[in-house]
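Overview (structure and organization)
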Amino acid sequence: MNTVSRKRHILGALIALGLAAGAMPAHAVQKGDWLIRAGLGRVAPDDSSSGFSGAPTLKVEDVSNSTNLAINFTYMMTDNVGVELLGALPFKHDIAVTGLGKVVETKQLPPTLILLYNFSPKSGVRPYAGAGINYTKFFGEKTVNGLTGTSIELSSSTGLALEAGIDVDINKEWYVNASVWKIDIDTKAKSSLVGTADVSIDPTVLFMGVGRRF
Ligand code: NI
């Protein structure tokens, strides 16, 4: 290709790109919009634990991953700034203790409130990030295997949450979303047999779903 035809070639490609971009409908998110997203949330704990007060060599060794339906709502207070609430059906986790394996089953609900900043509200591809607060309530704790017949209780947790996410438009109302939260969740496990332990769960929560704008 000589220089002139190469220039024409590049020009042609740029024009085609420009036409394609121009043909993309301009879907904006703006002040006053409600964004609703539903999909699957996966809670992957990065857990660590102290020893139990009555048996210091025993620790929580593993808190299992859990996946369930999740939903989140965002209200845009300005074109760029929104407030988001994350909710879900209960996540179920197995808890393993040193040398005993799985001894506890529990459920938890982790509602999380985030103040977020949308970096490109006028675009069909909209990344955002934010920070906020999480409240996690554990319930339905059940002892199994080596701890059967004893009781255990996990205290609720309040802590910091960070989030990043992206919406990609499908059409005027609908979009797909992927988002991730890092949440500080710490609980005190109180066992009728081995006393108390401080357990840090600190999960990464991954979400993928579809969203609609109202
Ligand atoms: Ni923590």
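Preceding this section is the structure that the text describes.
Throughout what follows, the structure given in this document is the object of discussion. (Residues numbered from 1 in each chain as written. Predicted model: local features only at pLDDT ≥ 70, side-chain atom pairs only at ≥ 80, totals over all residues. Heavy atoms only, no water.)

**Quick word on the pattern of salt bridges**
The final tally for this structure, using the stated rule, is nine salt bridges. Measuring nitrogen to oxygen at the nearest pair gives 3.3 Å for the salt bridge that ties Lys-122 to Asp-79. Taken as a pair, Lys-122 in the loop between β9 (112–118) and β10 (125–143) and Asp-79 in the loop between β5 (66–76) and β6 (81–88) lie far apart in primary sequence, 43 residues in all. Exposure remark for Lys-122: the relative accessible area of 49% places this residue in the partly exposed category. Lys-102 is the partner of Asp-94 in a salt bridge, and the nearest nitrogen-oxygen pair spans 3.5 Å. (Salt bridge = Lys/Arg side-chain N within 4 Å of Asp/Glu carboxyl O. Helix = DSSP H or I, 4+ residues; strand = E, 2+ residues; numbered from the N terminus. Buried < 20%, exposed > 50% of the residue type's maximum accessible area, 1.4 Å probe, protein only.)

**Quick word on the coordination of the nickel ion**
Those donors, Asp-184 (OD), Asp-186 (OD), Asp-186 (OD), Asp-202 (OD) and Asp-202 (OD), are the protein atoms that reach the nickel ion, and they lie 2.0 to 2.8 Å from it. Sequence spacing of the donor residues for the nickel ion, all on one chain, is D-x1-D-x15-D. What makes Asp-184 partly exposed here is its relative accessible area of 31%. The exposure class of Asp-186 is partly exposed, given its relative accessible area of 36%. (Donors = N, O, S within 2.8 Å, 3.2 Å for Na, K, Ca; no water.)

**Section: the sheet that holds strand β14 (residues 186–191)**
An order of β2-β15-β14-β11 is seen for the four strands of this open sheet, with the pairing classed as antiparallel. The sheet terminates laterally at β2 (48–49) and β11 (152–154), the two strands that pair on one side only. (Pairing = 2+ DSSP bridges.)

**Focus on the nonpolar core**
Ranked by internal contacts, the top residues of the largest apolar core, which has 31 residues, are Phe-52 and Trp-181. Sorting elements by how many residues they give to this core places strand β4 (residues 55–63) first, with four residues. In contact with Phe-52, not counting residues within four places along its chain, are Leu-58, Lys-59, Val-60, Val-97, Ala-189, Ser-191, Val-194, Gly-195, Thr-196 and Ala-197. (Core = buried A, V, L, I, M, F, W, Y, C linked by side-chain atoms within 4.5 Å. Contact = heavy atoms within 4.5 Å.)

**Here we look at the environment of Pro-56**
With respect to the element layout, Pro-56 can be found in strand β4. Its relative accessible area of 61% is what places Pro-56 among the exposed residues. When the C-alpha positions of Pro-56 and Val-194 are compared, they lie 8.7 Å apart, and in sequence the two are 138 residues distant.

**Topic: the pairing of strand β7 (residues 91–97)**
Moving residue by residue along a regular strand, the side chains alternate between the two faces of the sheet. Among the seven residues in β7, five count as buried, and that is most of the element. Pairing of β4 with β7, which is carried by three bridges, proceeds in the antiparallel orientation. Across the sheet, Val-60 pairs through a bridge with Val-97, a residue of β7. Pairing geometry for β7 and strand β8 (residues 101–109), over seven bridges, is antiparallel. Residue pairing in the sheet places Lys-92 in a bridge with Lys-107 of β8. The antiparallel pairing of β7 with β8 creates a hairpin that spans three residues between the two strands, and Gly-99 there sits at a positive phi of about 75 degrees.

**Thoughts on the packing of aromatic side chains**
By the definition in use, this model includes three aromatic pairs. On the numbers, 5.1 Å between centres and 50 degrees between planes, the contact of Trp-34 with Tyr-75 is tilted. Here Tyr-75 lies in strand β5 and Trp-34 lies in strand β1 (residues 34–44), a separation of 41 residues in the sequence. On the basis of relative accessibility, which here comes to 43%, the residue Trp-34 falls in the partly exposed class. An angle of 70 degrees between the planes, with centres 5.4 Å apart, marks the rings of Tyr-117 and Phe-119 as edge-to-face. For Tyr-117, a relative accessible area of 39% puts it in the partly exposed group. Positioned above the aromatic ring of Tyr-175 is the side chain of Arg-126, whose terminal nitrogen or guanidinium carbon lies 5.6 Å from the ring centre. (Phe/Tyr/Trp six-rings, centres within 6.5 Å; stacked < 30°, edge-to-face > 60°. Lys NZ or Arg CZ within 6 Å of the ring centre and 35° of its normal.)

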